[in-house]
Amino acid sequence: MDAERLVNKLATWIKEKVSGAGCEGVTLGLSGGMDSSVLAVLCQQAFPENTLGIIMPCYSDPQDKSHAEELAVRFGIQTREIVLDDAYDVMLKALPAYNPNPEISRTARANIKARLRMITLYYTARKLNYLVAGSGNRSEIAVGYFTKCGDGGVDIMPLGNLVKGEVRELGAHLGIPQAIIDKPPSAGLWAGQTDEQEMGLSYETLDRYLLTGEAPEEDKSRIESMIAASQHKRSLPPLPDF
């Protein structure tokens, strides 16, 4: 991968998409993770004065905020912090319990966090005449590892053709802080949550399958099942064919 050439192409692509929509800049969620860090730096290169990273804690690990702020200082990225704890509490109080299954309930509660962040980003984007950029990568998109109308609810996904390992390479080239690159990928949905644990496979295995079609049979079966089950997340809502 020619990293510098890719950086230039992605920054140009971001400019074109924003300008083509008649907008003036980009806003994104700055989570302190690797993907959002890489995205933020690319957006900053495209719009040095009109990129806004929004830090949105929602009962989050304080280290995530610390990493987001460290990145913003290193690259001169404008940020704003909007704490969503109270909004999350109000939503939980207003919504009925429904399903007693603890695993389903935990995921449903976690999805509220992602959707509150989406609302926050779109409110800000509308006020500033910006587009919302998402940090989803090819690996996550392929198996549906994102919240529909949450972190999947964005206008552009500049990293969408890069598997996780390629994003990591790009991050190293850009000079993303090593602590961000090295920490276990996590959506920060609950304490101790990691992407690989939740998916039940490693990014290395998933990346290899997406790039070559090769994986241990058990992992291949799991990946293909996840791809099929999440097809609705990658498509517009179906319309009647009559």
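Please read all numbers here as calculations on a predicted model, not as lab measurements.

A.B. asks: In this structure, what is going on with the sheet that holds strand β1 (residues 25-29)? I would like to understand it.
C.D. replies: Whenever strands of a sheet pair, they do so through backbone hydrogen bonds, lying parallel or antiparallel. In space, the 4 strands of this open sheet follow the order β3-β2-β1-β4, with parallel pairing throughout. In this open sheet, the two strands that pair with only one neighbour each are β3 (78-81) and β4 (130-132). Taking the axes of each pair of neighbouring strands and ignoring which way they run, one obtains an average angle of 25° across the sheet. Summarising the sheet, β1 and strand β2 (residues 51-55) pair through 4 bridges and their orientation is parallel. Each bridged residue has a counterpart across the sheet, and for Gly29 the counterpart in β2 is Ile54.

A.B. asks: What's the story with the packing of helix α2 (residues 34-46) against helix α7 (residues 164-174) in this structure? I'm lost.
C.D. replies: Between two packed helices, what matters for the description is the angle formed by their axes and the separation of those axes. Across the interface, α2 lies against α7 with an axial gap of 9 Å and an inter-helix angle of 55°. On the basis of the axis angle, α2 is oblique to α7. Helix-helix and strand crossings are classified by hand; for α2 and α7 the assignment is left-handed. From α2, Met34, Asp35, Val38, Val41, Leu42 and Gln45 reach across to α7, where they touch Lys164, Val167, Arg168, Leu170, Gly171 and Leu174. Counted by class, the contact of α2 with α7 contains 7 nonpolar, 2 polar and 3 charged residues.

A.B. asks: Before we go on, may I ask you to explain the packing of aromatic side chains in this structure?
C.D. replies: In this description, a pair of aromatic rings is defined by centroid distance and the angle of the planes. Scanning all chains against the criterion turns up 1 aromatic pair. Here the aromatic rings of Tyr59 and Tyr88 are separated by 6.0 Å at their centres, their planes lie at 65°, and the arrangement is edge-to-face. Pair noted here: Tyr59 is in the loop between β2 and α3 (62-75) and Tyr88 is in helix α4 (residues 85-94), with a separation of 29 residues, a long-range link. Given the relative accessible area of 47%, Tyr59 is considered partly exposed. Over the ring of Tyr88 we find Lys113, and its NZ or CZ is 5.5 Å from the ring centre. Looking at Lys233, its charged tip hangs above the ring of Phe146, at a distance of 5.1 Å from the centre.

A.B. asks: Looking at this structure, I do not really get the pairing of β3. What am I missing?
C.D. replies: Consecutive side chains along a regular strand alternate between the two faces of the sheet. Inspection of the sheet shows β2 paired to β3 by 4 bridges, in the parallel sense. If you follow Leu52 over to β3, its bridge partner there is Gln78.

A.B. asks: Help me out: how do you make sense of the nonpolar core in this one?
C.D. replies: For soluble globular proteins, nonpolar side chains are generally found buried alongside one another. In this structure, Ile14, Leu30, Val38, Leu42, Leu71, Leu170 and Ile176 are the most contacted members of the largest nonpolar core, which totals 36 residues. Elements with a contribution of two residues or more to this core: α1 (3-20), β1, α2, α3, α7 and α8 (178-182). If one sorts the elements of this core by residue count, α2 sits on top with 8 residues. Sequence-distant contacts of Leu71, that is, excluding residues within four places in its chain, are made with Leu30, Ser37, Ala40, Val41, Ile77, Ile176, Pro177 and Ile180. Ala142, Val143, Leu201 and Tyr209 belong to the second-largest nonpolar core, a separate cluster that totals 13 residues.

A.B. asks: Help me understand the pattern of salt bridges, please; the structure alone is not making it clear to me.
C.D. replies: Where charged atoms from two side chains of opposite charge come close, those side chains can pair. Counting across every chain of the model gives 5 salt bridges. Close ionic contact of Lys164 with Asp35 constitutes a salt bridge, the shortest N to O distance being 3.0 Å. On the criterion of sequence distance, the pair formed by Lys164 in helix α7 and Asp35 in helix α2 is long-range, its members being 129 residues apart. A single burial state applies to Lys164 and to Asp35, both of which are buried. Of the charged contacts in the structure, one is a salt bridge between Lys65 and Glu81, with a shortest N-O distance of 3.1 Å. Highlighted residues: Lys65 in helix α3 and Glu81 in strand β3, separated in sequence by 16 residues. Taken together, the shared-partner salt bridges in this structure form one network comprising Asp35, Glu140 and Lys164.

A.B. asks: Mind showing me how you'd approach unusual backbone geometry here?
C.D. replies: Glycine aside, a negative phi is what most residues show, and trans is what most peptide bonds show. Even without being glycine, Asn129 reaches a positive phi, approximately 60°. Position of Asn129 relative to the elements: it lies in the loop between α5 (102-128) and β4. Asn129 gets classed as partly exposed once you look at its relative accessible area, which sits at 29%. With a phi close to 60°, Cys149 is a non-glycine residue in the positive phi region.

Conventions used here
Residues numbered from 1 in each chain as written. Predicted model: local features only at pLDDT ≥ 70, side-chain atom pairs only at ≥ 80, totals over all residues. Heavy atoms only, no water. Pairing = 2+ DSSP bridges. Helix = DSSP H or I, 4+ residues; strand = E, 2+ residues; numbered from the N terminus. Axes fitted to C-alpha atoms, helices over the stretch in contact; angles between N-to-C directions. Parallel < 35°, antiparallel > 145°, perpendicular 65-115°, else oblique. Left-handed = near helix turned anticlockwise from the far one by under 90°. Contact = heavy atoms within 4.5 Å. Nonpolar A, V, L, I, M, F, W, Y, C, P; charged D, E, K, R; others polar. Phe/Tyr/Trp six-rings, centres within 6.5 Å; stacked < 30°, edge-to-face > 60°. Buried < 20%, exposed > 50% of the residue type's maximum accessible area, 1.4 Å probe, protein only. Lys NZ or Arg CZ within 6 Å of the ring centre and 35° of its normal. Core = buried A, V, L, I, M, F, W, Y, C linked by side-chain atoms within 4.5 Å. Salt bridge = Lys/Arg side-chain N within 4 Å of Asp/Glu carboxyl O.

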